[in-house]
Amino acid sequence: MSGDDNTCAPRSENQCLTALVGRWHSQGRIAATATDPVIRITGSDTYEWLAGEHFLIHRVDVRMNEEHVEVIEMIGPYDPASRTYPMRSFDNHGNFVTMRASVDDEGVWTFAGEMERATLVIAEDGDSMTAEWERTDNGSNWRHWMDMSFTRASSPSAIPGR
């Protein structure tokens, strides 16, 4: 990597991601299946810019019933060819997922991967969000998977490095 790469300004499209920046209380549930009961989810999500504001770092720290789950995800930078934000996430169980995010003119986010997809809606006041997730086992038959809600715990300015 050359020194010039560190001085490039982030794409203006990255500013859409700023709506996510901050600490969030998260709660939700994974839907029951024929073999598994509902799984309750509680914890926190934190979004913060990596220096340079090309990548947004998303950290998840939740309990899924009694199981502790931690995730780190890198979002960005904006890809003008696909008009999406690449996403790469890694969890404490050794899982790795790639997805793509996009946002429409109303500010509704869509996250799409091969086996899961979600719609995230940020409230007009920016202090809460809701997400509905779907999952597939075969790539064509999608089923409801998870519902999440998020309440802002701190403002973006309270995040270290901001």
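Our structure is the block above this text.
What this report covers is the structure whose coordinates are included nearby. (Residues numbered from 1 in each chain as written. Predicted model: local features only at pLDDT ≥ 70, side-chain atom pairs only at ≥ 80, totals over all residues. Heavy atoms only, no water.)

1. Things to note about the layout of surface pockets
One number sums up the size of the largest pocket: a volume of about 1,100 Å³. The wall of the largest pocket is formed by 45 residues, among which M64, E116, W133, W145 and M146 lie closest to the centre. Mapped by element, the contributors of at least two residues to the lining of the largest pocket are β2 (39–49), β3 (56–64), β4 (67–75), β5 (85–91), β6 (96–103), β8 (116–122), β9 (128–136) and β10 (142–154). Examining the composition of the lining of the largest pocket, we find that six residues originate from one element, β10, more than from any other. Of the residues assigned to the lining of the largest pocket, the class counts are 28 nonpolar, eight polar and nine charged. (1 Å grid on protein atoms, 1.4 Å probe; cavity = no way out; pocket = protein on both sides within 12 Å on 5 of 7 lines; lining within 4 Å. Points joined across faces, edges and corners; volume = space filled by probe spheres on them. Helix = DSSP H or I, 4+ residues; strand = E, 2+ residues; numbered from the N terminus. Nonpolar A, V, L, I, M, F, W, Y, C, P; charged D, E, K, R; others polar.)

2. Concerning the pairing of β2
Examined bridge by bridge, strand β1 (residues 22–30) and β2 share nine bridges and lie antiparallel to one another. Bridging across to β2, S26 finds its partner in G43. Here β2 pairs with β3 via nine bridges, running antiparallel. Each residue of the ladder has a partner; that of D45, found in β3, is V60. Counted along the chain from β2 to the antiparallel partner β3, the turn is six residues long, and its residue G52 has a positive phi close to 100°. (Pairing = 2+ DSSP bridges.)

3. With respect to the environment of H93
Mapped onto the secondary structure, H93 falls in the loop between β5 and β6. The spacing of H93 and E132 is 39 residues in sequence and 23 Å in space, taken between C-alpha atoms. Beyond its immediate sequence surroundings of up to four residues, H93 is in contact with E67, H68 and V69. Here E67 takes part through its side chain, which lies 3.0 Å from a polar atom of the side chain of H93. (Contact = heavy atoms within 4.5 Å. Polar contact = N/O pair within 3.5 Å; in protein donor to acceptor, adjacent residues only side chain to side chain.)

Functional significance is not addressed by these values, which are geometric in nature.
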